Amino acid sequence: MNNNERELLRFTTAGSVDDGKSTLIGRLLYDSKSIFQDQMSAIEKSSQSKGLNHIDLSMLTDGLRDEREQGITIDVAYRYFSTPKRKFIIADSPGHIQYTRNMVTGASSANLALILVDVRIGVIEQTKRHSFIASLLQIPHIIVCINKMDLVDYSEEEYNKVVKEYEAFAYKMTTKDVRFIPISALHGDNVVEKSENMPWYDGRSLLSTLETIHIASDENYIDMRFPVQTVIRPHSDEFHDFRGYAGRVASGTIRVGDVVNILPSGFESTVKSIHTFDGDLEEAYPPMSVTVTLEDDIDVSRGDMLVKKNNQPQATQDLDIMLCWLNTKPSNPRAKYYLRHTSNEVKAMIKEIVYKIDVNTLSRSEDVSQLGVNDIARVRLRATKPIFADEYRDNRITGSLILIDETTNETVAAGMINF
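Because the structure is predicted, anything quoted here is derived from the model rather than measured. (Residues numbered from 1 in each chain as written. Predicted model: local features only at pLDDT ≥ 70, side-chain atom pairs only at ≥ 80, totals over all residues. Heavy atoms only, no water.)

Let's talk about unusual backbone geometry
Omega for the peptide link from leucine 263 to proline 264 comes to 10 degrees, which places this bond in the cis form. In this structure, proline 264 sits in the loop between strand 11 (259–263) and strand 12 (267–276). Note the cis peptide between proline 286 and proline 287, where omega equals 0 degrees. Phi angles above zero are rare outside glycine, and arginine 334 is one such case at about 60 degrees. If you check the backbone angles, asparagine 374 has positive phi at about 75 degrees while not being a glycine. Tracing the backbone through its elements, the reader meets asparagine 374 in the loop between strand 20 (364–365) and strand 21 (376–389). (Helix = DSSP H or I, 4+ residues; strand = E, 2+ residues; numbered from the N terminus.)

Examining the nonpolar core
Formed by 66 residues in total, the largest nonpolar core has its most connected members in Phe11, Leu24, Leu28, Ile146, Tyr166, Leu206 and Leu210. Apart from the residues lying within four places of it in its own chain, the contact partners of leucine 24 are Leu114, Leu116, Cys145, Ile183, Ala185, Val191 and Leu206. (Core = buried A, V, L, I, M, F, W, Y, C linked by side-chain atoms within 4.5 Å. Buried < 20%, exposed > 50% of the residue type's maximum accessible area, 1.4 Å probe, protein only. Contact = heavy atoms within 4.5 Å.)

Describing the packing of aromatic side chains
Within this structure, the stated rule accounts for seven aromatic pairs. Between the aromatic rings of phenylalanine 11 and phenylalanine 88, the centroid separation amounts to 6.3 Å while the plane-to-plane angle is 80 degrees, which identifies the pairing as edge-to-face. Placement of phenylalanine 11 in strand 1 (residues 8–14) and of phenylalanine 88 in strand 3 (residues 87–92) is noted, with a sequence separation of 77 residues between them. For the pair phenylalanine 11 and phenylalanine 88, one class covers both residues: buried. Of the aromatic side chains, those joined through ring pairs into one cluster are Phe11, Phe81 and Phe88. Sitting above the plane of the phenylalanine 169 ring, lysine 128 keeps its charged end 5.9 Å from the centroid. Residue placement shows arginine 364 over the ring face of tyrosine 355; its charged tip is 4.2 Å from the ring centre. (Phe/Tyr/Trp six-rings, centres within 6.5 Å; stacked < 30°, edge-to-face > 60°. Lys NZ or Arg CZ within 6 Å of the ring centre and 35° of its normal.)

Following this line, the structure appears as C-alpha cells:
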C-alpha cells in the first residue's frame, strides 16, 4: 500500500467535562509529531503565562480563544493527523448533556468511538449516554480510555474496578468490539508509547490500537447501492454523446459489465464504464466517488439509485426511525418537512412519536406530543413518495436520513431507519 492509499480511520471522542479529553487529543497530536512548530511555540508561551510547569496540551484542541477564556469547548471540531500507517480524522464533540446533537453529528460516519472515563470517578451517566449514542449509531468499535491513572498510582485494581463497572451496562449495547486501555493523558502513559508505569497491562498503546484495529470490514461490500448525485452531459464536440452519472458508492461493489436496475423506474442496463478523476476503473467500492456510464440511453436523474436486480433496498413511504432532534425549536405534530435520503429529497410528515428515550437511564416515555433539542425518539414518518432504503444496521448511508425545515431550510433532525 503506497502512501496515498493509507486507510482512513474516523473516530469520535466523548467524555464529560473534566475527563481530560482535550489533553488526550493534544497528546496524540503532540506525541505523533502532528503539530506545527509555531503552534507548539504559542502553546508553550501560553502555558508559561498561566504559570504551569508543563505544556498544557488541551490548548491544542480548544479551538476558539473566547471558548478558552470561558473554560469550555463547544460544537464539533474535526481534526486531521496521520502516521506512516494510517490517516485519521477526529470528530471531537463536547461532553455536556446539552450537546447530544453534536455527538450524533460527529459520530455519524465514525468507525470508532473513544470514550474517556476518569478512573477516580468511574462510569457516570454521561459515560452511559455517550456509549448508548455510539451503539445507536452502530459505531463498530469502542475504546474506553480509563484516564488519570497517575492519580491512583497506576493501580491495576482501580482500573479493573472501572472495567467491571463499564461491562455491567455495556452488554445491553449492540457494539460488540469494546476495548479498554489504562492511560494518563497528562503524562502520556499508553497514549503513543507503552507505559513503564503499568507493566501489568499487556495490551497495545492507544495510537498502536488506532493504527492496527481492523476496519476494512466495517463497510458493507454486499449490497450494491449507487445513489446518483448529478448527471454529467458535457456540451462539447469531443464528448458530444457522453452521459455519465456521478455519485458516491454507498455500499457493495459496482463493476464494468454489471447488469443494474435503476430505481424508481425499474429499467435495466449494463455498466459500460467507470470514470474517476485519476482515470478509468474496472470496479468501484465504498466510499469512492465515481462517474458511471450505461450501455443504454435511459432517463436517469439526481435521486435515482443504481442497484443489482436480485438485491434491492426497500421502496417505502412509511418509515420507522430512531430520530435525534437537533433544532432548538421543538417539532410540531404533523408538520411537513423535507426528508433528505442519500441524494433524494421528498416531503414527509411525522405521523407519530412512538416513544422517547431517556439517554441516561435508557427508559422510555410514551404519550409524547413533540420533541425538543437533543431528544432521541422512535417515530413514524410518512413520505409523499417512496424512498429506497435499507435498515441502518445493514447500511449506515442508505439507512440514514435528515429532516429539513421547509421555511428556514435548517436541518432539524437526523434519523436511523429501522422499518
